[in-house]
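# Fold and geometry: a report
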Amino acid sequence: MPTWNSRGLRGSTLEELINRTNEKYAEHALALIQKIPTPITPVKIDAQTRHITLAYFEQKSTVDYIGAVQGIPVCFDAKECRTDTFPLQNIHDHQVAFMKSFERQGGVAFFLIFYAAKDLFYYLRLQKLLQFWERMRGGGRKSFRSEELEGEFFFRSSGGVPVPYLDALQKDLLLRE
């Protein structure tokens, strides 16, 4: 079984916080967001415990969450960062392609980044990510620093909501008008 510090459990606390947030939003009829499981094919199952001990991913995952907020389609992915620099290798081409297509269909796509050392969340608009993405593709930095980000999209837990991202989504929507 993986230990807490292993790569396999990285981000699981963030995922749990987002899941609790989404439950609160659903309870108050603010949003309906679902976690998208990554499909796996079991290869080996422990006969005694009936637990999967070896499996492979059937396909590349696109985003972690998808749903609607007050009638607006949204999708997002959650990432954790332990330093002030976020490596773009943590985001994959197929994710960016999916998010771009999602926005072309009238949805809103974004990333929620948790800066663990600062206990701070960041709502990364797809538009902002694409600036860093194009810079990387053009031979520039393969990461971005927190000081390059839009200050109004940083936030902390508040009001009993672990990851209150709806305010940042509202700001994002206002910038699109």
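Quick caveat: nothing in here was measured; it's all calculated off a predicted structure. (Residues numbered from 1 in each chain as written. Predicted model: local features only at pLDDT ≥ 70, side-chain atom pairs only at ≥ 80, totals over all residues. Heavy atoms only, no water.)

## A look at the packing of aromatic side chains
Note the cut-off: Side-chain rings of Phe, Tyr and Trp, where Trp is taken by its six-membered ring, are said to pair if the distance between their centres is within 6.5 Å; with planes under 30 degrees apart they count as stacked, over 60 as edge-to-face, and otherwise as tilted. Numbering of helices and strands runs from the N terminus, with a helix taken as a DSSP run of H or I at least four residues long and a strand as a DSSP run of E at least two residues long. Each residue's exposure class comes from its accessible area (1.4 Å probe, protein chains only) as a fraction of the maximum for that residue type: buried when under 20%, exposed when over 50%, partly exposed otherwise.
In total, this model carries 14 aromatic pairs according to the counting rule given. Taken together, a centroid distance of 5.2 Å and an interplanar angle of 25° make the contact between F86 and F144 stacked. Placement of the pair is F86 in strand β6 (residues 85–87) and F144 in strand β9 (residues 143–145), with a sequence separation of 58 residues. Of the two residues examined, F86 and F144, each falls in the buried class. Connected via pairs of aromatic rings, a cluster forms that spans Y25, Y65, F76, F110, Y123, F153 and Y165.

## Quick look at the sheet that holds strand β8 (residues 120–125)
In plain terms, the rule: Any two strands with at least two DSSP bridges between them are considered paired. Contacts: residue pairs with any heavy atoms within 4.5 Å of one another. To obtain an axis, a line is fitted to C-alpha atoms, over the contacting stretch when the element is a helix, and the angle between two such axes runs from 0 to 180 degrees between their N-to-C directions.
Reading across from one edge, β1-β4-β5-β7-β8-β10 is the order of the 6 strands in this open sheet, with mixed pairing throughout. Since the sheet does not close on itself, it has two edges, and those belong to β1 (31–35) and β10 (154–155), each with one partner. By the bridge criterion, 5 bridges tie β1 to strand β4 (residues 65–69) in an arrangement that is antiparallel. Paired with I33 across the strands is G67, a residue of β4. Running over the sheet, helix α2 (residues 93–104) touches β4, β5 (72–81) and β7 (108–115) and is turned about 155° from β5. Sheet contacts for helix α4 (residues 166–176): β4, β5, β7, β8 and β10; angle to β7, the most-contacted strand, approximately 135°.

## A word on the side chain of D172
Stated precisely, the cut-off is as follows: A 3.5 Å cut-off defines polar contacts: any pair of N or O atoms within that distance qualifies, except that in protein one atom must be a possible hydrogen donor and the other a possible acceptor, and neighbouring residues in sequence count only when both atoms are side-chain atoms.
Mapping D172 onto the fold places it in helix α4. Only 2.6 Å separates the side chain of D172 from the side chain of Y123, close enough to count as a polar contact.

## Focus on α4
What counts here: Our arc is simply the arc of the directions from the helix axis toward the C-beta atoms.
Taken as a whole, α4 has its buried residues at L166, A168, L169, D172 and L173. Taken end-on, α4 shows its buried residues confined to a sector of 155°, consistent with a single buried face.

## Here we look at the confidence of the model for the protein chain
Convention followed: Per-residue confidence from the predictor is reported as pLDDT, a score between 0 and 100.
For the protein chain, mean pLDDT is 88; residues scoring 70 or higher make up 85% of the total. Within the model, pLDDT remains below 50 along residues 1–11, and this stretch shows 7 contacts once partners closer than five positions in the same chain are excluded.

## Quick word on unusual backbone geometry
One non-glycine residue with positive phi stands out, namely A29, at about 55°. Mapped onto the secondary structure, A29 falls in the loop between α1 (12–27) and β1. By relative accessible area, which is 62% here, A29 ends up exposed. The residue Q70 is not glycine, and still its phi comes out positive at about 50°.

## Regarding the pattern of salt bridges
Counted only if it meets this: By salt bridge we mean one thing: a side-chain nitrogen of Lys or Arg within 4 Å of a carboxyl oxygen of Asp or Glu.
Going through the model one piece at a time under the given rule, you end up with 11 salt bridges. For the salt bridge of K35 with E15, the shortest nitrogen-to-oxygen distance reads 3.6 Å. Of this pair, K35 sits in strand β1 while E15 is found in helix α1, placing the two residues 20 residues apart along the sequence. For K35, a relative accessible area of 30% corresponds to the partly exposed category. Residues E148 and R135 are paired through a salt bridge, measuring 2.5 Å at the closest nitrogen-oxygen approach. In this pair, E148 is assigned in the loop between β9 and β10 and R135 in helix α3 (residues 126–137), connecting sequence segments 13 residues apart. Bridged by salt links that share partners, the residues E15, K35 and D64 form one connected network.

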